[in-house]
Each structure stands twice: as C-alpha cells, then as structure tokens.
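Architecture at a glance
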Amino acid sequence: MLGQLARTLRTLVLPTRAYSNVAAANFAKLQELAMEEKCILVNDQDQYTGSISKRDCHRVDDEGNIRLHRAFSVFLFNSAGDMLLQRRTIHKITFPDCFTNACCSHPLWDIEGEREELNALGIRRAAQRRLNYELGIPMAQARPENFHYLTRIHYADRGDGTWGEHEIDYILFLQKDVDLKPNDSEVSEVRYISRKELDATIGNLDAPLTPWFRLILQHRLRLWWDNLHQLGKYENHKQIERF
C-alpha cells in the first residue's frame, strides 16, 4: 500500500495555470506584504546583529552589497526516496519562475519562537510554518522534530541586480509522505523526481534554478541523497560551509 502511494506521489505534477487579472493582482499584493516581514540579520559567524524587513535585506545596494541574513532550505523526500521540486510563481519578487527545492524561506524576527537558536529549533519551526503556507502540508505532518538539520551554507547571489540573496542557509531534510495543497500565490508547479532521474530532469527544465538550489546541487545534494538512510554521518553543525 505504501509503495503504491509513493509511486502515485512521484507522478504528481501541478502544471502552471492561467489566472484572472484580479487573482494575479491579489497574488502580487500578498508578495508585497510579505516583504515587510522582518528577517534576522547575522554576521558571517551566524551571530545575531539585528532585524530588518525582507525587502531591505534582499535589495542590492549601489555597491552591489546585500545584507546577510538567516534562511533555510527544506529538501523533502517521500518514502520511496523521491525528491520534491517546486516552481516558484511568476509573482515572486525574488527569483520568480525558478525551480527549486521543496521550500526555501526565513525564520522571522516577528515570531518569537523562530528566534530560538538552540538545536536550530527556531529554524525548524519556521520550516514547519512555511511548508504549511507554501505547500499546504498539515502542521502535524512536518513537526520541528521531524526535520534533519544537516549544515549551514553561506552564499551570495546578486540576482537581477535589484533583488538578490546573501544568506546563512540552514539545510533541512525531511523524508515523509505528506499531503500537498500548494498555495497558488507561491507555487506554480510541484513534482517528485527519483535519484536516477535527477540529471535528466534538471537538464530538461524549461526555467532556471534558484542560485541556492543550483549551488547545493553542484556541491552536496547527490551525496546527501545517496545517504538518506545515514544522514547523521554528514552533519556539520560547527562549521559554516562557504560557497
């Protein structure tokens, strides 16, 4: 029964859909509102230095700099070991219409529980919240204790020259069969792919990859995916990896 469920989940694809002008305008308003949320600023050792709006910490300044802030990337696998890809909507302000891993976002200073640093608990809580918001995954199916925290990655990308990323990115793995109901204002498509299909699928996508997903794919993803059953061997909570 579980094997059949996994096979069914792997073939799930939600194609990009056409929306009315009213719906598109509402989606754009939601994205603008989200830019007022406050992210957690850090130094290059991931130590708290302040908080500013998501808008201000993603804007590329006149010198090409972007404020360093805390983020996370969730890689979601079903029980068969297939990985979920999502395609960001065209309404996203940063890196619209790009393929990426299951969920990429930020812990918020506005939410007290997401400031908790011990055992990356704040990050895990933020991941639970965003999986529910972006993909409709019930909170009970992605509890903080379900996430496997692997490591942190420091990277920067100037994006389109106006909006970019500069993050200490916490890498979280979650292997579980979950219920999906993607949020149309965030996600235009989801699909599960198998490990053996990875290279062919990536090579045939009709949209670019987000910079963080591209870097993780280039440097670590294949190794981690091949070792889903023994991820503890690859934990690195002491050092921040620099890409």
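As a reminder, the structure under discussion sits directly above these lines.
Just so it is clear, the model here is predicted, and its values are computed rather than measured. (Residues numbered from 1 in each chain as written. Predicted model: local features only at pLDDT ≥ 70, side-chain atom pairs only at ≥ 80, totals over all residues. Heavy atoms only, no water.)

1. Observations concerning the packing of aromatic side chains
So the rule is basically this: Two rings from Phe, Tyr or Trp (for Trp, the six-membered ring) form a pair when their centres are within 6.5 Å of each other. A pair whose planes differ by under 30 degrees is stacked, one over 60 is edge-to-face, and the rest are tilted. Secondary structure follows DSSP: runs of H or I at least 4 residues long count as helices, runs of E at least 2 residues long count as strands, and numbering of each begins at the N terminus. Each residue's exposure class comes from its accessible area (1.4 Å probe, protein chains only) as a fraction of the maximum for that residue type: buried when under 20%, exposed when over 50%, partly exposed otherwise.
Across all of its chains, the model carries 8 aromatic pairs by this definition. The interplanar angle of 35° and the centroid separation of 5.4 Å between the aromatic rings of F75 and F173 together place this pair among those described as tilted. Taken together, the positions of F75 in strand β3 (residues 69-77) and F173 in strand β8 (residues 165-175) put the pair 98 residues apart, joining distant regions of the chain. Of the two residues, F75 and F173, both sit in the buried class. Relative to F173, the ring of F77 has its centre 5.2 Å away and its plane inclined at 35°; by these criteria the two rings are tilted. Note that F77 is positioned in strand β3 and F173 in strand β8, a separation of 96 residues in sequence. Judged by relative accessible area, which is 0%, F77 ranks as buried. Take F173: its relative accessible area is 2%, and that puts it in the buried class. Through a chain of ring-to-ring contacts, the aromatic side chains of F75, F77, F173, F213, W224 and W225 assemble into a single cluster.

2. Some thoughts on the environment of I193
Selection rule: In this description, contact between two residues means that some pair of their heavy atoms is separated by no more than 4.5 Å.
In this fold, I193 is placed in strand β9 (residues 187-193). Separated by 110 residues in the primary sequence, I193 and M83 place their C-alpha atoms 5.4 Å from one another. If we skip the residues at most four places from it in the chain, I193 touches D82, M83, L85, L198, T201 and W225.

3. Things to note about the nonpolar core
The cut-off we apply is this: Side-chain atoms within 4.5 Å link the members of a nonpolar core, which is a set of buried Ala, Val, Leu, Ile, Met, Phe, Trp, Tyr and Cys residues.
Judged by nonpolar contacts, the single largest core of 29 residues is most densely connected at F75, M83, F173, F213 and L221. Listing elements by their share of this core, those giving two or more residues are β3, β4 (83-88), β7 (148-157), β8, α5 (198-203) and α6 (211-226). Per element, the largest residue contribution to this core is 8 residues, and it comes from α6. Residues V42, L84, Y149 and L172 belong to the second largest nonpolar core, which totals 28 residues.

4. Comments concerning the environment of L217
Looking at the element boundaries, L217 is found in helix α6. The exposure class of L217 is buried, given its relative accessible area of 9%. Here the alpha-carbon distance between L217 and I202, two residues 15 residues apart in the chain, equals 10.0 Å. When near neighbours in sequence (up to four residues on either side) are disregarded, L217 contacts L198, I202, L209 and R222.

5. As for the pattern of salt bridges
We apply this condition: For this analysis, a salt bridge means a side-chain nitrogen from Lys or Arg found within 4 Å of a carboxyl oxygen belonging to Asp or Glu.
Applying the stated criterion across every chain, the model contains 17 salt bridges. Linking E37 and K54 is a salt bridge whose minimum nitrogen-to-oxygen distance equals 2.9 Å. With E37 in the loop between α2 (21-34) and β1 (38-42) and K54 in helix α3 (residues 54-58), this residue pair connects regions lying 17 residues apart in the sequence. Assessed through its relative accessible area of 23%, E37 is described here as partly exposed. Residue R70 is joined to E117 by a salt bridge in which the shortest nitrogen-to-oxygen separation is 3.2 Å.

6. Overview of a nonpolar patch on the surface
For clarity, the cut-off: What makes a patch is a set of residues exposed beyond 30% relative accessible area and free of salt bridges, joined within 9 Å when like-charged and within 5 Å when nonpolar (Val, Leu, Ile, Met, Phe, Trp, Tyr). Per-residue and other accessible areas were derived by the Shrake-Rupley procedure at a 1.4 Å probe size, with only the shown protein chains allowed to occlude residues.
A surface patch of nonpolar side chains, amounting to about 290 Å² of accessible area, comprises L30, L33 and Y133. In this structure, L33 sits in helix α2. The exposure class of L33 is exposed, given its relative accessible area of 60%.

7. Remarks on the pairing of β9
Note the cut-off: Two strands pair if DSSP finds at least two bridges between them.
Most of β9 sits out of view: 6 of its 7 residues are buried. As paired elements, β4 and β9 share 6 bridges and run antiparallel to each other. Each residue of the ladder has a partner; that of L84, found in β9, is Y192.

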